Amino acid sequence: MTKRDLLSAADLTREDLENILELAERTKGKRSSQILAGKTLGLLFFDRSLRTRVSFEVAAVQLGGHCINIFADREMYDLEPDDQAVMDGLAEESVKDAARTLSRYVDALGIRQLRRTGSWEEDRREVLLHAYAKHATVPVVNLESTMEHPCQAIADVMTMRERLLRLQGRRITLAWTNNPLPKNIGPCHSLLQMAALSGMEVTLAHPLGYELDADVVQSATTHAERAGGNVRVVNSLEDGLRGAEVVYTRSWGSTKYWDDPERETMVKRSLQSWLIDETAMQTTQNALFMHPLPVRRGVGVTDAVLDGDRSVIYEQAENRVHAQKALLTHLLG
Ligand code: CP
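Description of the structure in this document.

Criteria and cut-off values
Residues numbered from 1 in each chain as written. Predicted model: local features only at pLDDT ≥ 70, side-chain atom pairs only at ≥ 80, totals over all residues. Heavy atoms only, no water. Near = heavy atom within 4 Å. Polar contact = N/O pair within 3.5 Å; in protein donor to acceptor, adjacent residues only side chain to side chain. Areas by Shrake-Rupley, 256 points an atom, 1.4 Å probe, with all protein chains shown as cover. 1 Å grid on protein atoms, 1.4 Å probe; cavity = no way out; pocket = protein on both sides within 12 Å on 5 of 7 lines; lining within 4 Å. Sits in = over half its atoms within 2 Å of the grid points. Nonpolar A, V, L, I, M, F, W, Y, C, P; charged D, E, K, R; others polar. Salt bridge = Lys/Arg side-chain N within 4 Å of Asp/Glu carboxyl O. Helix = DSSP H or I, 4+ residues; strand = E, 2+ residues; numbered from the N terminus. Buried < 20%, exposed > 50% of the residue type's maximum accessible area, 1.4 Å probe, protein only. Contact = heavy atoms within 4.5 Å.

### So, the site of the ligand
Around the ligand, the surrounding shell consists of Ser49, Leu50, Arg51, Thr52, Arg112, His149, Gln152, Pro292, Leu293 and Arg320. Here an oxygen atom of the ligand sits 2.7 Å away from a polar atom, N or O, in the side chain of Thr52. Measuring from a nitrogen atom of the ligand, one finds a backbone N or O atom of Leu293 at 2.9 Å. Compared with its free state, where it exposes 250 Å², the ligand has 93% of that area covered by protein. More than half of the atoms belonging to the ligand lie within 2 Å of the grid points that define the largest pocket. In terms of residue class, the shell around the ligand is made up of 3 nonpolar, 4 polar and 3 charged.

### Let's talk about the pattern of salt bridges
Scanning the entire structure with this criterion turns up 18 salt bridges. Asp307 serves as the salt-bridge partner of Arg297, at 2.9 Å between the closest nitrogen and oxygen. Note that Arg297 is positioned in the loop between β11 (288–290) and α13 (303–306) and Asp307 in the loop between α13 and α14 (313–332), a separation of 10 residues in sequence. Take Arg297: its relative accessible area is 38%, and that puts it in the partly exposed class. Here the salt bridges do not stand alone but share partners, grouping Arg115, Glu122, Asp123 and Arg125 into one network.

### Remarks on helix α6 (residues 127–135)
Along α6, the positions that sit buried rather than exposed are Leu128, Leu129, Ala131, Tyr132, Ala133 and His135. Residues of α6 that are buried in the fold lie against β1 (40–45), β3 (79–80), α4 (95–105), β5 (108–113) and β6 (140–145).

See the structure below:
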């Protein structure tokens, strides 16, 4: 039987997503099955995490399994992703050997690696994640990469369904916000694709220079139209928020200035108005406010919005556990 990986939101069909969400909704708050009894997850973190690490460990334990977390940058050998390379540089172990060895110990692997080498074209290829998926003989789950954060997006869609019931035709705005140290673009790419798969009307609101990856937007547009929704792009926060039923914010780094952070810092000086406050939220249709966290309070989003009665940020975080239990059942059950 071929193993199932989850590297990208695009790895899930509409039916897969529906099955995972239905299971997550049905089992939330109920006694868990023991589907992972005797099984072990191995999670490799090349970057920091609070929610992903803890929610996966809790999910594994609640399903009767066990979880090993490795802080890969400091606890593993430097890795060579290219299996054809002559390893006479810094790398002491090939991903091929690490992935095949780990596959003899654990029943699934999770990997978080967010790269910023200076070349967007290089970083968007996610070579380490794909090398693990190629060589591991157990399922590989993306715990957030440069391009994607599918586990976050499943929990986000679950949270929207709990509040809005039916997502087809509902209006969501993914809004860029200003931040001195922007976070990764992955949660937006994954949520865009899953919102599109759900037939939502998606507005991407960002300044020029902060475009999402063109291939992801194109694919999401095709899926949205097939599912009865659409995707549009606006370069004005005001236009983007008007009439929204869900506002999902994130500060992501510019792919245009990926190789020139100093230029990006200068560009952002003129983008201070990209801020979500109560006045901005009043132009929406009493929208839910969503954010994947972590968030810098008072920068990009005000406390009043984050703590307001339309904010579902902690529901999103909690749903990581429920969605991941359903995902693990889908991949390993
Ligand atoms: N949203 C999210 O993935 O949080 P962490 O970075 O804390 O895992």
